[in-house]
Amino acid sequence: MPSRVMRCRLRSDFGAEGRTTNGRALPVGSHCPPSAGSARPLVVRPATPAWGGRAVPALFSLWVALAVALLLMPALALAQAVSDPTPLQYRDAAEEARFHALAAELRCVQCQNQSLADSNAQIAHDLRREVLTLMQQGNSDAQIKQFLVERYGEFVLYRPAMDTRNSLLWFGPLVLVLGGAGVLVWVVRRRSRQVQPMGESEERW
Amino acid sequence: MSDPRPASRPLPPVAIVIGVLFFFGLLGLMVYGVMKSGAPDRDILPSALIGKPAPAFALPVLHDPSITVHSSELRGAPYVLNVWGSWCAACREEHPILTRFAETKRVRVIGYNWKDEPADALRWLEQLGNPFVLVLSDIEGRTAIDWGVTAAPETFLVDASGVVRWKYSGALTQRVIDTKLLPELEKLEGANAQPRNALPPAE
């Protein structure tokens, strides 16, 4: 899990310095999500390890470390913002399916490489709740997208609408391919015109 | 025996020029991309609200929740809105800088306490000092969505007519204040002063 949440946690760990280990100033990551991220669920592994349960001393300390980390998790969670722990309430399965489809189409504004559905950032929680509320108020998917675009910009859409600003991205490759093909045809034609047909005598060489 | 390959003619100069331009164009693009990727603000979203009216809101005052402030009441003079929370480490970091700026009294600095426990927020202000003329409290974070807030701290500049003019995401630094916020503020003050001066006596 790269990016934001991690950086944010780094910042608070390293205090006011706000630098990563390679000395670069930390960006907005710090600019912390009121992060549910700090309580990100650790993958809980089965008590019997996959290699058949034979205790290996070196690995034992690893398990101890993991256990200690698990014990410390609540302490990390202390610095969280107010959050509403109640899960989203869907009215029926169709609404839930529609919600998940829509949330997968929207980008989390904080953890920018995650969709709204995947992100565990606090703002993503809030936005999911908002999206569901809007849905239950009878807004269409397009209206909900419009609502978010008005507030966060086109960035929230994984499939932004085509307009004059991004038309180069849409048509640029096509223009390049056509242009390249044109040049190719032109060069080939010019060459073929210049190649002299071989004389009878040369032909059998 | 002749060379089996047809004698290759030298490329026309136009082709060479185009090729070189293309190469350096791509090289420039790459260098630009590499430089850009190191910028600390590379993943900040530009605010969708710039140049648009600030969202209408009604929020309780942190220090006295029985008082509700409406967005319309803040019109008439520009204000700086600083989104913060006691849970936010970067807010603590920007606090002395924000305080120094607020103390110049150039503009009203209003706090926006986002998704915070009021008790924690009050304690935070008591410990570090309160630079704000007024602190609004948005416990649920519902209004913050209207403002397009993604994380704290964020700072908005809203003009006298209630239009958002500028936004900064991340902890304010003296440099940001000097090179970005103050020029924006001067623009507002200039624009405010001009209509009054330039208004010819109606006749």
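The structure displayed is predicted, hence computed values, not measured ones.

J.: Give a detailed account of the overall build of chain A, specifying residues and quantitative values.
T.: A tally of helices and strands in chain A yields seven helices and zero strands. For chain A, the α and β elements follow one another from N to C terminus as α-α-α-α-α-α-α. Out of the 205 residues belonging to chain A, those deemed buried represent 23%. Pairs at least 24 residues apart make up 56% of the contacts formed inside chain A by residues separated by at least 6 positions.

J.: Explain the overall build of chain B to me, using residue names and the numbers behind them.
T.: Along its length, chain B carries five helices and seven strands. Scanning chain B from its N terminus toward the C terminus, one meets helices and strands in the order α-β-β-β-α-β-α-β-α-β-β-α. Evaluated residue by residue, chain B yields a buried proportion of 33% over its 203 residues. Sequence-distant contacts, at least 24 apart, represent 76% of the contacts inside chain B between residues at least 6 apart.

J.: Run through helix α2 (residues 89–103) of chain B, naming residues and quoting values.
T.: All names here are of chain B. Under the 1.5 Å per step criterion, the end-to-end length of α2 is 22 Å for 15 residues, consistent within 8% with the ideal 21 Å. Most pronounced at His95, the bend in α2 amounts to some 40°, and the proline Pro96 follows within four residues. Within α2, the full set of buried residues consists of Ala89, Ala90, Cys91, Glu93, Glu94, His95, Leu98, Phe101 and Ala102. Lys105, located one to two residues past α2, shows a positive phi value of around 60°.

J.: Quick rundown of the UniProt feature "transmembrane region" (unreviewed entry) in chain B? Include the residues and the values.
T.: Within the UniProt annotation, "transmembrane region" (unreviewed entry) is assigned to residues 12–35 of chain B. The straight-line gap between the two end C-alpha atoms of residues 12–35 of chain B is 35 Å; of that span, 96% is helix and 0% is strand.

J.: How would you explain the nonpolar core if you had to name every residue and give the values?
T.: Residues and elements named next belong to chain B. Leu81, Val83, Trp84, Cys88, Trp114, Ala152 and Val158 are the most contacted members of the largest nonpolar core, which has 60 residues in total. It is α2 that contributes the most residues to this core, six residues altogether. Contacts of Val158, omitting those with residues within four sequence positions, involve Ala54, Pro78, Tyr79, Leu81, Val163, Val164 and Arg165.

J.: If you had to explain the confidence of the model for chain B to someone new, which residues and values would you point to?
T.: When pLDDT is low, close inspection of the predicted coordinates is not appropriate. All names here are of chain B. A residue-level look at chain B finds 90% of positions with pLDDT of 70 or above and a mean pLDDT of 88. Low confidence marks residues 196–203, where pLDDT is under 50. Its contacts with residues over four positions away, or in another chain, come to zero contacts. Scored as a whole, the predicted complex attains pTM 0.67, and scored at its interfaces, ipTM 0.78.

J.: How would you explain the packing of helix α3 (residues 93–105) of chain A against helix α4 (residues 122–136) of chain A if you had to name every residue and give the values?
T.: Residues and elements named next belong to chain A. It is the contact of α3 with α4, at a shortest axis distance of 11 Å, that shows an interaxial angle of 130°. Considering their axes alone, α3 and α4 lie oblique with respect to each other. For the pair α3 and α4, the sense of crossing is right-handed. From α3, Glu95, Arg98, Phe99, Leu102 and Ala103 reach across to α4, where they touch Arg128, Val131, Leu132 and Met135. Split by residue class, the contact of α3 with α4 holds six nonpolar, no polar and three charged.

J.: Just give me the short version of the pairing of strand β5 (residues 134–138) of chain B, but keep the residues and values in it.
T.: Burial of β5(B) is extensive: four of the five residues sit out of reach of the surface. As a crossover connection, the stretch from strand β4 (residues 108–114) of chain B through helix α3 (residues 118–128) of chain B into β5(B) is right-handed.

J.: Talk me through unusual backbone geometry; I want residue IDs and the actual numbers.
T.: Residue and element names in this part refer to chain B. The omega torsion across Ala152 and Pro153 is -5°, close enough to zero to call that bond cis. Tracing the sequence through the fold places Pro153 in the loop between α4 (142–146) and β6 (154–158). Non-glycine residue Lys105 carries a positive phi angle of around 60°. Judged by C-beta crowding, with 9 C-beta atoms within 10 Å, Lys105 ranks as exposed. Despite not being glycine, Lys115 has its phi angle at roughly 50°, a positive value. On the secondary structure map, Lys115 appears in the loop between β4 and α3.

J.: Residue-level account of α3(B), with values.
T.: Residues and elements named next belong to chain B. Residues of α3 that are buried: Ala121, Trp124 and Leu125. Seen from one end, α3 has its buried residues packed into an arc of 95°, which puts them on one side. Pointing more than 90 degrees away from the buried face of α3 are the exposed residues Ala119, Arg123, Glu126 and Gln127. Contacts made by the buried residues of α3 are with β4. Among the residues trailing α3, Gly129 stands out with phi positive, at a value near 100°.

J.: How would you sum up the pairing of strand β7 (residues 164–169) of chain B? Please name residues and give values.
T.: All names here are of chain B. The buried fraction of β7 amounts to five of the six residues, a majority that puts the element mostly inside the structure. When β6 meets β7, the two strands line up antiparallel, connected through five bridges. Looking at β7, one finds that Glu154 is bridged to Ser169. Linkage of β6 to β7, two consecutive antiparallel strands, is achieved through a turn of five residues, within which Gly162 is found at a positive phi near 90°.

J.: Go over the confidence of the model for chain A with me, naming the residues and quoting the values.
T.: All names here are of chain A. The predicted model of chain A has a mean per-residue pLDDT of 69, with 54% of residues at 70 or higher. When pLDDT is averaged over each element of chain A, helix α5 (residues 141–152) comes out on top at 93 and helix α1 (residues 4–14) at the bottom at 34. Low pLDDT, under 50, characterises residues 1–57; the predicted model gives this stretch 104 contacts beyond four residues in sequence or across chains.

Rules behind the numbers
- Residues numbered from 1 in each chain as written.
- Chains lettered and ligands numbered in written order.
- Predicted model: local features only at pLDDT ≥ 70, side-chain atom pairs only at ≥ 80, totals over all residues.
- Helix = DSSP H or I, 4+ residues; strand = E, 2+ residues; numbered from the N terminus.
- Buried ≥ 20, exposed ≤ 12 C-beta atoms within 10 Å, placed from the backbone.
- Contact = placed C-beta atoms within 7 Å.
- Expected span 1.5 Å × (residues − 1).
- Bend = angle between axes of the 7 residues up to and from the residue.
- UniProt positions renumbered as here; feature names shortened; annotations may be inferred.
- Core = buried A, V, L, I, M, F, W, Y, C linked by C-beta atoms within 7 Å.
- pLDDT = per-residue confidence, 0-100.
- Axes fitted to C-alpha atoms, helices over the stretch in contact; angles between N-to-C directions.
- Parallel < 35°, antiparallel > 145°, perpendicular 65-115°, else oblique.
- Left-handed = near helix turned anticlockwise from the far one by under 90°.
- Nonpolar A, V, L, I, M, F, W, Y, C, P; charged D, E, K, R; others polar.
- Right-handed = clockwise from strand over helix to strand, strands pointing away.
- Arc of directions from axis to C-beta.
- Pairing = 2+ DSSP bridges.

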